[in-house]
Amino acid sequence: MLRLDLQFFAQEKTEKATPQKRKESRKKGQVAKSAEIPSALIMLFVFLFLLMLGSWFGGILLNVFHLSLDQLDDWDLSQKNLQVLMERNVWETAKVLLPIMGIALVAGLFGNYIQIGFLFTTEPLKVKLNRINPIEGAKRIFSKRALVELLKTLLKITMVGSVVALILWNERDSIFTLPYMPLWNVLGFVATLSVKLGIYVALLLLVLSIFDYAYQRYEYEKNLRMSKQDIKDEYKKTEGDPLVKSRIKERQRQMAMQRMMQEVPKADVIITNPTHFAVALQYQEEFGAPKVIAKGQDYIALKIKTIAKEHEIMVIENKPLARALYFRVELGEFIPEDLFQAVAEVLAYVYRVKGQM
């Protein structure tokens, strides 16, 4: 029973997502972002742009109407004149719309970049059958996320409506006098009021979008959580099964041990502790210094001495030298200069004994 309970808790998604999980999620286009931030920035940038260059745009639009309604009476109605008129109107209109569209594009890209940085992926465009599954669709419609989106929309409508109503209420005296004002003044007032409404509403939406981003971030982190079992599975996938890795390392150690033991018969002398350490030294004239070709402790030391006995290699007991060689010199390395004297004395003794024999 206890085992089942532990397994249940292992499947609970209580752990923060690993960097690998975040990287895979980002590749799939699953990131924490709010669609409200780009929308609010587009609206804000466009109306600020209109605030700065509104009079210039107004002049262009008036020229379009003037050309179409006033000068048209003086023109002959022909295919060529109509073509010229359309080309001029299209060009004048483009001079108004293209800068606005450019500002909107830059604002939209900026709004996404400040949230997720640069990200290009085609993963969300791939066809997935669960998207057209009516059961899954019904779950999404009646899900908690859909309810939050509904409440968010209602809140947005209420607050935007309140801001618009408040601004219009403050301008009520000017609005009531519009029927008595010249047409040019009416157009100027309406344009100014529209820009004012747009900027205030955009600022409000921008503030709301910050809270929406915080909520989207919370939901993203919540959905990205992993269970302990997920983390273990990911580790096995990326790093390999620990049991398999330990077996590989053990096999590598065995192979290295076999190679080292094959070098022992080439040794000139074995220096021991006498029981805990054993170091096999080989000296050749072209080396310039003796080299450690095998070393070991306890069981390995005993095996080195056994092989040395089988091949009639002398074993010399020298506790300080054995310990120094074991801890300071790695396999395949030459002995350091401060040990030359001690090792030379041992080798000289070995060669003298061999010579007598």
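Note that the coordinates shown come from a computational prediction; the quantities given were computed from them, not determined experimentally.

A.B. asks: Would you mind showing me how to read the side chain of Gln 282 here?
C.D. replies: If you trace the backbone, Gln 282 turns up in strand E2 (residues 277–282). Those residues in contact with Gln 282, other than ones at most four positions away along the chain, are Lys 266, Ala 267, Asp 268, Phe 287, Pro 290, Lys 291 and Ile 293.

A.B. asks: Please clarify how the packing of helix H6 (residues 144–170) against helix H8 (residues 183–224) should be interpreted in this entry.
C.D. replies: Running from amino to carboxyl end, H6 crosses H8 at an angle of 160 degrees, the nearest separation of the two axes being 10 Å. Considering the angle they form, H6 stands roughly antiparallel to H8. The way H6 lies across H8 gives a crossing that is right-handed.

A.B. asks: How should the packing of aromatic side chains be read in this particular structure?
C.D. replies: Here the distance between the centres and the angle between the planes together describe a pair of aromatic rings. Taken as a whole, this structure holds 3 aromatic pairs when the rule is applied. When the centroid spacing of 4.7 Å and the interplanar angle of 50 degrees are considered together, the rings of Phe 277 and Tyr 326 count as tilted. Of the two residues, Phe 277 is situated in strand E2 and Tyr 326 in helix H12 (residues 319–328); the sequence distance between them amounts to 49 residues. Each member of the pair Phe 277 and Tyr 326 is classed as buried. Aromatic pair Tyr 326 and Phe 327: ring centres 5.2 Å apart, planes at 90 degrees, arrangement edge-to-face. Accessibility expressed as a relative area gives 18% for Tyr 326, which makes it buried. Among the aromatic residues, those joined into a ring-pair cluster are Phe 277, Tyr 326 and Phe 327.

A.B. asks: Would you take a moment to explain a nonpolar patch on the surface for this structure?
C.D. replies: Together, Phe 45, Leu 48, Leu 51, Phe 110, Tyr 113, Ile 114, Phe 118 and Phe 120 make up a nonpolar patch on the protein surface, roughly 900 Å² of accessible area in all. Looking at the nonpolar patch, the elements with two or more residues in it are helix H3 (36–69) and helix H4 (79–116). Among the structural elements, Tyr 113 can be located in helix H4.

A.B. asks: Can you walk me through the pairing of strand E3 (residues 291–297) in this structure?
C.D. replies: Regular strands have side chains that alternate between both faces of the sheet. For E3, a buried count of 6 out of 7 residues is recorded, marking the element as mostly surrounded by other parts of the structure. Where E2 and E3 come together, 6 bridges link them in antiparallel fashion. Across the sheet, the residue bridging to Ala 278 is Gly 296, located in E3.

A.B. asks: Looking at this structure, I do not really get the pattern of salt bridges. What am I missing?
C.D. replies: The tally for this structure, following the rule as stated, stands at 9 salt bridges. The salt bridge involving Glu 149 is made with Lys 152; its shortest N-O contact spans 3.0 Å. Linking Glu 149 with Lys 152, this pair stays in helix H6, spanning 3 residues, or about one helical turn. For Glu 149, a relative accessible area of 27% gives the class partly exposed. For Glu 263, the salt bridge is made with Lys 266, and the minimal N-O distance between the two is 3.4 Å. Note on Glu 263: relative accessible area 28%, which makes it partly exposed. Judged by relative accessible area, Lys 266 falls into the partly exposed class, the value being 44%.

A.B. asks: I'm lost on the packing of helix H2 (residues 19–27) against H8 in this one. Help?
C.D. replies: How two helices pack is summed up by the angle between their axes together with the distance between the axes. Direction vectors running N to C along H2 and H8 enclose 115 degrees, while the axes themselves pass 11 Å from each other. Considering how the two elements wind past one another, H2 and H8 form a crossing that is right-handed. Contacts from Lys 21, Arg 22 and Ser 25 of H2 reach H8 at Tyr 220, Glu 221 and Leu 224. Here the contact of H2 with H8 is composed, by residue class, of 2 nonpolar, 1 polar and 3 charged.

A.B. asks: So what exactly am I meant to see when it comes to the sheet that holds E3 here?
C.D. replies: Strand pairing in a sheet relies on backbone hydrogen bonds. The paired strands run either parallel or antiparallel. An order of E3-E2-E1-E4 is seen for the 4 strands of this open sheet, with the pairing classed as mixed. Single-partner strands in this sheet number two, and they are E3 and strand E4 (315–317). Going across the sheet, the axis of each strand differs from the next one's by a mean of 25 degrees, ignoring polarity. Its contacts with the sheet put helix H11 (residues 299–310) on strand E1 (269–272), E2, E3 and E4, and the angle it makes with E3 is roughly 125 degrees. Running at roughly 75 degrees to E2, H12 makes contact with E1, E2, E3 and E4 of the sheet.

A.B. asks: Any chance you could explain the confidence of the model for the chain here in plain terms?
C.D. replies: Low pLDDT means the predicted coordinates in that region are not meant to be read closely. The predicted model of the chain averages 79 in pLDDT, with 83% of residues at 70 or higher. At the low end of the mean pLDDT range in the chain sits helix H1 (residues 2–11), at 49; at the high end sits H6, at 87. Taken as a whole, residues 1–9 scores under 50 in pLDDT and shows 0 contacts with residues more than four places along the chain or in a different chain.

A.B. asks: Would you mind showing me how to read the nonpolar core here?
C.D. replies: Within soluble globular proteins, side chains that are nonpolar tend to cluster in buried spots. The biggest cluster of nonpolar side chains holds 21 residues, and the ones touching the most others in it are Val 269, Ile 271, Leu 281, Leu 321, Leu 325 and Val 346. Looking at this core, the elements that each hand over two or more residues are E1, E2, H12 and helix H13 (340–356). Once residues lying within four places of it in the same chain are set aside, the contact partners of Leu 281 are Ala 267, Asp 268, Val 269, Ile 271, Lys 291, Val 292, Leu 325, Ile 335 and Val 343. Residues Ala 278, Ala 301, Ala 308 and Ile 313 belong to the second largest nonpolar core, which totals 14 residues.

A.B. asks: What is the right way to read H11 from this model?
C.D. replies: Because the α-helix completes a turn every 3.6 residues, residues three or four places apart line up on one side. Over its 12 residues, H11 extends 17 Å from the first C-alpha to the last, a length consistent with the 16 Å expected when each residue adds 1.5 Å. Along H11, the residues that are buried comprise Ala 301, Ile 304, Ile 307 and Ala 308. When H11 is viewed along its axis, its buried side chains cluster within an angular range of 125 degrees and face the same direction. Along H11, exposed side chains directed more than 90 degrees from the buried face belong to Tyr 299, Leu 302, Lys 309 and Glu 310. Where H11 ends, the next residue or the one after it, Glu 312, has phi of about 55 degrees, a positive value.

Here is what the cut-offs are and how they apply
Residues numbered from 1 in each chain as written. Predicted model: local features only at pLDDT ≥ 70, side-chain atom pairs only at ≥ 80, totals over all residues. Heavy atoms only, no water. Helix = DSSP H or I, 4+ residues; strand = E, 2+ residues; numbered from the N terminus. Contact = heavy atoms within 4.5 Å. Axes fitted to C-alpha atoms, helices over the stretch in contact; angles between N-to-C directions. Parallel < 35°, antiparallel > 145°, perpendicular 65-115°, else oblique. Left-handed = near helix turned anticlockwise from the far one by under 90°. Phe/Tyr/Trp six-rings, centres within 6.5 Å; stacked < 30°, edge-to-face > 60°. Buried < 20%, exposed > 50% of the residue type's maximum accessible area, 1.4 Å probe, protein only. Patch = residues over 30% accessible without salt bridge, like charges linked within 9 Å, V, L, I, M, F, W, Y side chains within 5 Å. Areas by Shrake-Rupley, 256 points an atom, 1.4 Å probe, with all protein chains shown as cover. Salt bridge = Lys/Arg side-chain N within 4 Å of Asp/Glu carboxyl O. Pairing = 2+ DSSP bridges. Nonpolar A, V, L, I, M, F, W, Y, C, P; charged D, E, K, R; others polar. pLDDT = per-residue confidence, 0-100. Core = buried A, V, L, I, M, F, W, Y, C linked by side-chain atoms within 4.5 Å. Expected span 1.5 Å × (residues − 1). Arc of directions from axis to C-beta.

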